[in-house]
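# Coordinates in review
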Amino acid sequence: MQRIVFNAVDEGMEIPSLKCGPITQMDLVRYAGASGDFNPIHNDAEFARSVGLNGTIAHGMYVMAQVGRMCSNWAHPLQIKWFGVKFRGMTLPGETLVMTGKVKKKKEENGEKLITVAVQAANEAGDVKVSGELVIKAD
Amino acid sequence: MAELNKDIVGKKLAPFTFHVERGKVREFCLAIGETNPIYLDQSAAQAAGFSDTPVPLTFQTAFTFWGYPKFWTDLEALGIDVKKLLHLKEEYTYHRPIYPGTTVHCRMEVIDVKTGKMNMATFKGVFADENGVPYIESEMAIVIRPD
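The structure reproduced in this document is the subject of the present report. Treat the numbers as computed from the prediction; the structure is a model and nothing was measured. (Residues numbered from 1 in each chain as written. Chains lettered and ligands numbered in written order. Predicted model: local features only at pLDDT ≥ 70, side-chain atom pairs only at ≥ 80, totals over all residues. Heavy atoms only, no water.)

## A few points about the pattern of salt bridges
All names here are of chain B. One pass over the structure, following the stated rule, counts 15 salt bridges over all chains. Arg22 is paired through a salt bridge with Asp52; the nearest N and O atoms lie 2.8 Å apart. Of this pair, Arg22 sits in helix 1 (residues 22-32) while Asp52 sits in the loop between helix 2 (42-47) and helix 3 (61-67), placing them 30 residues apart in sequence. Relative accessible area serves as the criterion here: at 10%, Asp52 is assigned to the buried category. Close ionic contact of Lys114 with Asp112 constitutes a salt bridge, the shortest N to O distance being 2.7 Å. Among the residues examined, Lys114 registers a relative accessible area of 43% and is labelled partly exposed. (Salt bridge = Lys/Arg side-chain N within 4 Å of Asp/Glu carboxyl O. Helix = DSSP H or I, 4+ residues; strand = E, 2+ residues; numbered from the N terminus. Buried < 20%, exposed > 50% of the residue type's maximum accessible area, 1.4 Å probe, protein only.)

## Here's the deal with the packing of helix 1 (residues 25-35) of chain A against helix 1 of chain B
Interhelical geometry of helix 1 of chain A versus helix 1 of chain B gives an angle of 155° and a closest axis separation of 9 Å. Regarding the angle of helix 1 of chain A to helix 1 of chain B, the classification is roughly antiparallel. Pair helix 1 of chain A / helix 1 of chain B crosses with left-handed handedness. Residues Arg30, Tyr31, Gly33, Ala34 and Ser35 of chain A of helix 1 of chain A form the contact with helix 1 of chain B, whose own contacting residues are Lys24, Glu27, Phe28, Leu30, Ala31 and Ile32 of chain B. For the contact of helix 1 of chain A with helix 1 of chain B, the residue count by class is six nonpolar, two polar and three charged. (Axes fitted to C-alpha atoms, helices over the stretch in contact; angles between N-to-C directions. Parallel < 35°, antiparallel > 145°, perpendicular 65-115°, else oblique. Left-handed = near helix turned anticlockwise from the far one by under 90°. Contact = heavy atoms within 4.5 Å. Nonpolar A, V, L, I, M, F, W, Y, C, P; charged D, E, K, R; others polar.)

## Brief notes about the state of the cysteines
All told, the structure shown has zero disulfides over all chains when counted by the stated rule. Of all cysteine sulfurs in the structure, the one in Cys20 of chain A sits closest to Cys71 of chain A, which takes part in no disulfide; the separation is 14 Å. Counting only cysteine sulfurs, Cys29 of chain B is the nearest neighbor of Cys106 of chain B, a cysteine outside any disulfide, at a range of 18 Å. (Disulfide = S-S within 2.5 Å.)

## Examining helix 1 of chain B
Among the residues of helix 1 of chain B, Lys24, Val25, Phe28, Cys29, Ala31 and Ile32 of chain B are the ones counted as buried. The buried residues of helix 1 of chain B occupy one face: seen down the axis, they fall within an arc of 165°. Across from the buried face of helix 1 of chain B, at angles greater than 90 degrees, the exposed residues are Gly23 and Leu30 of chain B. Residues of helix 1 of chain B that are buried in the fold lie against helix 1 and helix 3 (60-74) of chain A together with strand 1 (16-19) and helix 3 of chain B. Taken from the residues just after helix 1 of chain B, Gly33 of chain B is the one with a positive phi, measuring 75°. (Arc of directions from axis to C-beta.)

Here it is as structure tokens:
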């Protein structure tokens, strides 16, 4: 597993992307069991419609998990200091997600060589579902 | 639309623990499509400098949902309409890896409430060892969908 070296990374650089999908209802059932999040808006279409949605939606945390997979495919997890996202849009079964990341900032602070990467998940039409940042301590 | 009550700031959920089982981590990896061998194969993890397979970056979501089954009813008790709840934000500060066999001590507290156009509540989570030394700290915000 590679470790990220500060001097080998430039601002604006893109990290390797990741594709996931099309997301199926079964993926959400499995994620519900694994995470323990059984909110019925994710697995019961009738319930989802009864609370004003058009049908089931993916767990936001399932989408964040996909962004997380991309992050730790690139950076060694022991280098990861911070990872956070905001949920921008609902992800529906049938959609395919494309996770991307771009180096936003490099700085040295308190003896740490920090690299901030802007990360996101979007569908194939480019609608952003999740966006956030990853901060790593580079070598 | 039910407004959130700002008085819930400072409210804590009851402390709880979550024991990290290898099979549960593997189930989570399979569910998210994780294929990075460091999460699945002890020798790959050790070759990468871990003492065992670490949990994936977002695994701690299971701490709350499996370790604190009262989560939804407690949110309702705080005046949060869980049928209208959407996840707004999730942030993690990582201090050290969590391995199978670890018992994680979890604390969650409401740290902010915003009302008005957006009804949102923010929770801080601390996931620590038995001495309170954190593995991960989290900030999670939810929003109530307007009618």
